[in-house]
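# Coordinate inspection notes
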Amino acid sequence: MHVSLEDVEKARKTLAGVICRTGLAYTNTVSEMSGNHVYLKMENLQRTGSFKLRGAYNKIANLSEKEKSKGVIASSAGNHAQGVALAATTFGISSTIVMPKHAPLSKVNATRGYGAKVVLHGDVYDEAYAKARCIQAEENSTFVHPFDDPMVIAGQGTIALELLEDLPEVEVVVVPIGGGGLISGMAVALKNLKPSIKIIGVQTKNMPCMAEAISRKCIVTIDKIPTIADGIAVKTPGNLNFDIVKHFVDDIVTVDEEEIAGAILLLLERIKTIAEGAGAAAIAAVLHRLSQYKGRKIAAVISGGNIDVNTMTRIINKGMVKSGRKVFFDTMISDKPGTLWTLLQLIADAGANVLAVTHSRDNQGVALGYAKVELELETADKEQIYAIKRLMEEKQYCVNIR
């Protein structure tokens, strides 16, 4: 089924008063790092925390009364779930959402909070999708597909209309891809309104289903590999999405887990905004995969901000270790009064902050008369870490950096 610019414009009227028009924020940090003029389309600030409400609401609003009376069912890694739940509740109809059993707890709880019944099944989206189809067959409910549906695609395309109004001179648009709903809708609108625009899709290297499909010129299914970008962890792209991407999208790049984690941390620390893995993928691509563009006006879609707090904590801690702002030291000291104080005083004199100390005599490999000390330190940078290590070695400490 065809999706047109007129469908996107009609969806915008349907969504009026339902969604919020998200901002387009210029970022000095990413602009300077990439050598371009980079703007962020802040869909992480959309209602439900992602762009997915646009497509879900447009689909449900266009259901017949008979379809609505049966209730709706959907499968989702989390963001589509919240969009469907809120839209269904708004129309006073029941909703059931099947989510992967390892979906972030924040997304599960939010989906229930919007009024949906949540079923946890499978390890990735595609397994949740299969279960949802089984439930649909049993209950005869109406299925709301997260990406392979013309009404959903049209709803997501409304982002492009806002983008072009706010930045008509935009030259490159960078969009994350899971199953392809977001980039399909945006591509239809962008290429019809401004054909010169370059549209770049971004996938995680751990689940590059659309990139592989375009490369092989046919729909493919990718074996699952865990990724922090759960919102784009889709094994098989949509058929309609594949056709649109093949026709309109200029390139698809892939980014790795470390690059995505780095982009999440950058957005949090320097740009003061929270993005989930899928939402940060576009920034990872701008920083690491688009070196051929210089001096261009680039818009990157921050597609969602529904990141699990525990995941965020791990990303922050790993990022601090990588940048040299946190370090773990192991050393041995004589098991005598005052020796631990002497070590800690040395570290204090070097300007580091002690976050945690573990002092143990009983570990395997610790000789009698000695104690193992494990230190977690807050430091300024890697230069300070190695200065502390040298200072400790000059004082005859045997130091291991973990």
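Source: prediction; values computed, not measured.

On to the overall build of the protein. Each helix and strand in the protein was counted, giving 16 helices and 14 strands. Taken along the three principal axes of its C-alpha coordinates, the protein extends 80 × 50 × 40 Å. Residue burial in the protein is summarised as follows: out of 402 residues, 55% are buried. Counting contacts in the protein only where the partners sit at least 6 residues apart, residues at least 24 apart contribute 71% of the total. Counting only carbon and sulfur atoms, one obtains 51% of the accessible surface of the protein, whose full area is about 17400 Å².

Strand residues, when the strand is regular, have side chains that alternate between the two faces of the sheet. Of all 5 residues in strand S4 (residues 95-99), 5 are buried, a share of seventy percent or more. With burial as the criterion, each face of S4 is covered, one bearing Ser95, Ile97 and Met99 and the other bearing Thr96 and Val98. One ladder, built from 4 bridges, connects strand S3 (residues 72-75) with S4; its direction is parallel. If you follow Ser75 over to S4, its bridge partner there is Val98. With respect to chirality, the unit in which S3 leads through helix H5 (residues 79-90) into the neighbouring parallel S4 is right-handed. In this sheet, strand S5 (residues 117-120) lies alongside S4 in parallel orientation, the contact comprising 4 bridges. The residue bridging Met99 from the neighbouring strand is Leu120, located in S5. For the crossover that starts at S4, traverses helix H6 (residues 105-113) and ends in the parallel S5, the hand is right-handed.

A word on the domain arrangement of the protein. Split into domains, the protein comes out as domain 1 (5-51 + 149-317), domain 2 (71-140) and domain 3 (324-401). Taking the mean C-alpha position of each, domain 1 and domain 3 sit 44 Å from one another.

Further remarks concern the environment of Thr14. Within the fold, Thr14 resides in helix H1 (residues 5-15). Linking Thr14 and Gly122, residues 108 residues apart in sequence, is a C-alpha distance of 34 Å. Ignoring any residue separated from it by four or fewer positions in sequence, one finds Thr14 in contact with Tyr57, Asn58 and Ala61.

What the 4 strands build is an open sheet, ordered S5-S4-S3-S6; its pairing is parallel. With partners counted over all chains shown, the strands left at the sheet margins are S5 and strand S6 (142-143), one partner each. On top of the sheet, helix H7 (residues 125-139) reaches S3, S4, S5 and S6; it is set at about 160° to S3, its chief contact.

Now for the sheet that holds strand S11 (residues 326-334). One open sheet holds the 4 strands; their spatial order is S12-S13-S11-S14, and the pairing between them is antiparallel. Single-partner strands in this sheet number two, and they are strand S12 (353-360) and strand S14 (400-401). Looking at chain direction, S12 and strand S13 (residues 370-378) are connected through 7 bridges and run antiparallel. Its bridge partner lying in S13, Val357 is registered against Leu375. Relative to the sheet, helix H16 (residues 382-394) contacts S11 and S14, its axis offset from that of S11 by approximately 5°.

For the rest of this paragraph, the subject is unusual backbone geometry. Backbone geometry follows two general trends: most residues other than glycine have a negative phi, and most peptide bonds adopt the trans configuration. For Asn140, which is not glycine, the phi dihedral falls at a positive 60°. Secondary-structure assignment places Asn140 in the loop between H7 and S6. Backbone geometry at Gln396 places phi at a positive 75°, although glycine is not the residue there. Considering the arrangement of structural elements, one finds Gln396 in the loop between H16 and S14. The class of Gln396 is exposed, set by a relative accessible area of 71%.

What follows covers the UniProt feature "domain: Tryptophan synthase beta chain-like PALP" (unreviewed entry) in the protein. As recorded in UniProt, the feature "domain: Tryptophan synthase beta chain-like PALP" (unreviewed entry) lies at residues 19-304. The annotated region residues 19-304 carries 46% helix and 16% strand content, and the separation between its end C-alpha atoms amounts to 14 Å.

Looking at the element boundaries, Tyr370 is found in strand S13. C-alpha of Tyr370 to C-alpha of Thr111: the two residues are 259 residues apart in sequence and 54 Å apart in space. Setting aside residues up to four positions removed in sequence, Tyr370 forms contacts with Ile333, Ser334, Asp335 and Arg361.

What follows deals with the pairing of S11. The pairing of S11 with S13 spans 9 bridges and is classified as antiparallel. Each bridged residue has a counterpart across the sheet, and for Phe329 the counterpart in S13 is Leu375. As paired elements, S11 and S14 share 2 bridges and run antiparallel to each other. The partner of Asp330 across the bridge, within S14, is Asn400.

Calculation criteria
Residues numbered from 1 in each chain as written. Predicted model: local features only at pLDDT ≥ 70, side-chain atom pairs only at ≥ 80, totals over all residues. Heavy atoms only, no water. Helix = DSSP H or I, 4+ residues; strand = E, 2+ residues; numbered from the N terminus. Buried < 20%, exposed > 50% of the residue type's maximum accessible area, 1.4 Å probe, protein only. Contact = heavy atoms within 4.5 Å. Areas by Shrake-Rupley, 256 points an atom, 1.4 Å probe, with all protein chains shown as cover. Pairing = 2+ DSSP bridges. Right-handed = clockwise from strand over helix to strand, strands pointing away. Domains from an automatic or database assignment. Axes fitted to C-alpha atoms, helices over the stretch in contact; angles between N-to-C directions. UniProt positions renumbered as here; feature names shortened; annotations may be inferred.

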